[in-house]
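Here's the letter readout for the chains.
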Amino acid sequence: MTWRVLALPPLPEEALRHLLGPLGGRVDVSVPAARDRAALLAALPEAEIVVGDWSGALVLDAEAVAAAPRLAFVQQPSVGVDGHDLDALAAAGVPLANTAGVSAVAVAEWCFAAALALSRRLLDADAAVRAGGWPQLDLGPRELSGSRVGIVGYGPIGEACARMFAGHGCEVSYWTRRPREVPYTYRELPELVAASDVLVAVVALSEETWGLIDPSRMPAGSLLVNAARGGVVDQAALVSALESGHLGGAALDVFDTEPLPPGDPLRDSPRVLLSPHVAGVTSQSTGRLLRRVLDNLEAAVEGRPVADVLNGVEPVVRRRLADGRA
Ligand SMILES: NC(=O)C1=CN([C@@H]2O[C@H](COP(=O)(O)OP(=O)(O)OC[C@H]3O[C@@H](n4cnc5c(N)ncnc54)[C@H](O)[C@@H]3O)[C@@H](O)[C@H]2O)C=CC1
Ligand SMILES: O=C(O)C(=O)COP(=O)(O)O
C-alpha cells in the first residue's frame, strides 16, 4: 500500500528522498515547488500524510484541514506546533506529532551561552576592541553565577535550562501551568518576572501565552533571554525597555516576524544579542530530528503507535479512505 506524502520542509528534495529512502515504495512523496499557501491548498486534497513546514508559513489551520479529506497523519518536524489548528485536526480524526525533546539540550545551551554573554558584556567588549578601545572596569560585567534565574515554561527545554543554570550556581525558579516535583522554586508568573535577574522564555506559544511577558515588569538592569517564540514577549514593550535603559540586555533567537524585517527597531536596540532562530540547531539535534521524523513516519505507515502525538487522537494512523480510493 502506498501512502501519498506531501512534504514541505526546506530540505533539498534529493535529501528528503534520501531521508525517506527506508520507507521505500510505501510512500509516494511530493514536494510542492512553490512554498505558499495557495500551493499548499492545491496539494492538500490528495495528501494522506503531511510532513510540515519549518518556516511556519504553511500551517494546517481549519481551512487547510477542510481542504484535506484524505489526511490521516501530520508530522511537524519541530517542537513548536504554533499555527496548526490541533482541535480542527482532532475533530477530523487526524493525529499530529512533533519532535519533542530532540533539541532540548541545544536550546538550553544557547540560553545559557546567551545569558553568560550578556552578563559578562562580551558583545560590548568585542565591539570596543574592534573599534580600537581597551576598556577595563567601565563595561560593567557581572558574574552569572549567583544570579536569580527565572524560567518561563518547564517542558524538556525548561528542564535542561534549570539543570544548566543551577549547575552554574544560579538560584533557579520557574513558572509553568502546574508546579513540578523538582528541586527548584515554583513562582507565579508576575512574581517570577519581578524577581529574576535573568528571565528565560521557553514556553510554548498559544493564544494563552501570546504577549505573556512584559519586559517593563522586570527588575531594572535585568536580562531577558527568549528562545521560545517572539509572540510570548510583548515586543513593543521590549524595544522601549531596551531604549530607556530599563533592561540590562536581551538575547533573542525568535521574533514576531521571521526573518526579522529590515528596519525593525530591534536591529538598532542597544545591548541586544540577535540570532536567526537557530537555538535548537546543532549537527547532533538535526540528526535526532531527522531520525525521529523517519521513525514516526515508519510507525505511521505500518499502523504502529506514533510517538509525540499532541492532539489526543489515537496515535495509530488508520486508513480512513481505503474505500473508494483509486
Ligand atoms: N529557538 C529554537 O530553536 C527552538 C524553540 N523551541 C520553542 O520552545 C518551546 C518549548 O519547548 P519544550 O520545552 O520542548 O516544551 P513544550 O513546547 O512541550 O512546552 C513548554 C512548556 O510550556 C508550558 N505551557 C504550554 N502552554 C502553557 C500555558 N498556556 N501556560 C503555561 N505554560 C504553558 C508547558 O506546560 C511546558 O512546560 C517550544 O514550544 C518552541 O516554541 C523549541 C525548539 C527549538
Ligand atoms: O523545534 C522548534 O520548535 C524550533 O523552533 C526549531 O526551529 P525550526 O522549527 O526548525 O525552525
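Cut-offs applied
- Residues numbered from 1 in each chain as written.
- Chains lettered and ligands numbered in written order.
- Predicted model: local features only at pLDDT ≥ 70, side-chain atom pairs only at ≥ 80, totals over all residues.
- Heavy atoms only, no water.
- Near = heavy atom within 4 Å.
- Polar contact = N/O pair within 3.5 Å; in protein donor to acceptor, adjacent residues only side chain to side chain.
- Areas by Shrake-Rupley, 256 points an atom, 1.4 Å probe, with all protein chains shown as cover.
- Nonpolar A, V, L, I, M, F, W, Y, C, P; charged D, E, K, R; others polar.
- Helix = DSSP H or I, 4+ residues; strand = E, 2+ residues; numbered from the N terminus.
- Buried < 20%, exposed > 50% of the residue type's maximum accessible area, 1.4 Å probe, protein only.
- Pairing = 2+ DSSP bridges.
- Domains from an automatic or database assignment.
- Contact = heavy atoms within 4.5 Å.
- Salt bridge = Lys/Arg side-chain N within 4 Å of Asp/Glu carboxyl O.
- Phe/Tyr/Trp six-rings, centres within 6.5 Å; stacked < 30°, edge-to-face > 60°.

A. Geometry of the site of ligand 1. What surrounds ligand 1 is a group of 25 residues, the closest being I157, T176, E208, D253 and G280. A distance of 3.3 Å separates a nitrogen atom of ligand 1 from a polar atom in the side chain of R177. At 2.9 Å, a side-chain N or O of E208 approaches a nitrogen atom of ligand 1. Notes on ligand 1: free accessible area 830 Å², of which the protein chains cover 87%. Residue composition of the shell around ligand 1, by class: 13 nonpolar, seven polar and five charged.

B. Broad picture of the site of ligand 2. Close to ligand 2 lie W54, S78, V79, G80, R229 and H277. Backbone polar atom of G80 to an oxygen atom of ligand 2: 2.7 Å apart, as the coordinates give it. For ligand 2, the accessible surface in isolation is 310 Å², of which the surrounding protein chains cover 78%. In terms of residue class, the shell around ligand 2 is built from two nonpolar, three polar and one charged.

C. Highlighting unusual backbone geometry. For the bond running from E258 to P259, omega is -10 degrees, close enough to zero to count as cis. Structurally, P259 is set in the loop between strand 11 (249–252) and strand 12 (272–274). With a phi close to 55 degrees, R121 is a non-glycine residue in the positive phi region. Inspection of the secondary structure puts R121 in the loop between helix 5 (104–119) and helix 6 (122–130). With a phi angle near 55 degrees, R271 is a residue other than glycine that sits in the positive phi range. In this fold, R271 is placed in the loop between strand 11 and strand 12.

D. Structural detail: the pairing of strand 1 (residues 3–7). Most of strand 1 sits inside the fold, with four of its five residues counted as buried. With four bridges connecting them, strand 1 and strand 2 (residues 27–30) associate as parallel partners. Along strand 2, the bridge assignment pairs R4 with D28.

E. Main features of the domain arrangement of the protein chain. Here the domain parsing of the protein chain yields domain 1 (3–101 + 283–302) and domain 2 (104–274). One C-alpha centre belongs to domain 1, the other to domain 2, and the line joining them spans 32 Å. Opposite the four residues of domain 1 that make contact, domain 2 presents five residues. In this assembly, domain 1 and domain 2 are joined by one salt bridge.

F. Broad picture of the packing of aromatic side chains. Across all of its chains, the model carries three aromatic pairs by this definition. When the centroid spacing of 5.4 Å and the interplanar angle of 75 degrees are considered together, the rings of Y174 and Y186 count as edge-to-face. Note that Y174 is positioned in strand 7 (residues 171–175) and Y186 in strand 8 (residues 185–186), a separation of twelve residues in sequence. Relative accessible area serves as the criterion here: at 1%, Y174 is assigned to the buried category. Aromatic ring contacts, followed pair by pair, group Y154, Y174 and Y186 into a single cluster.

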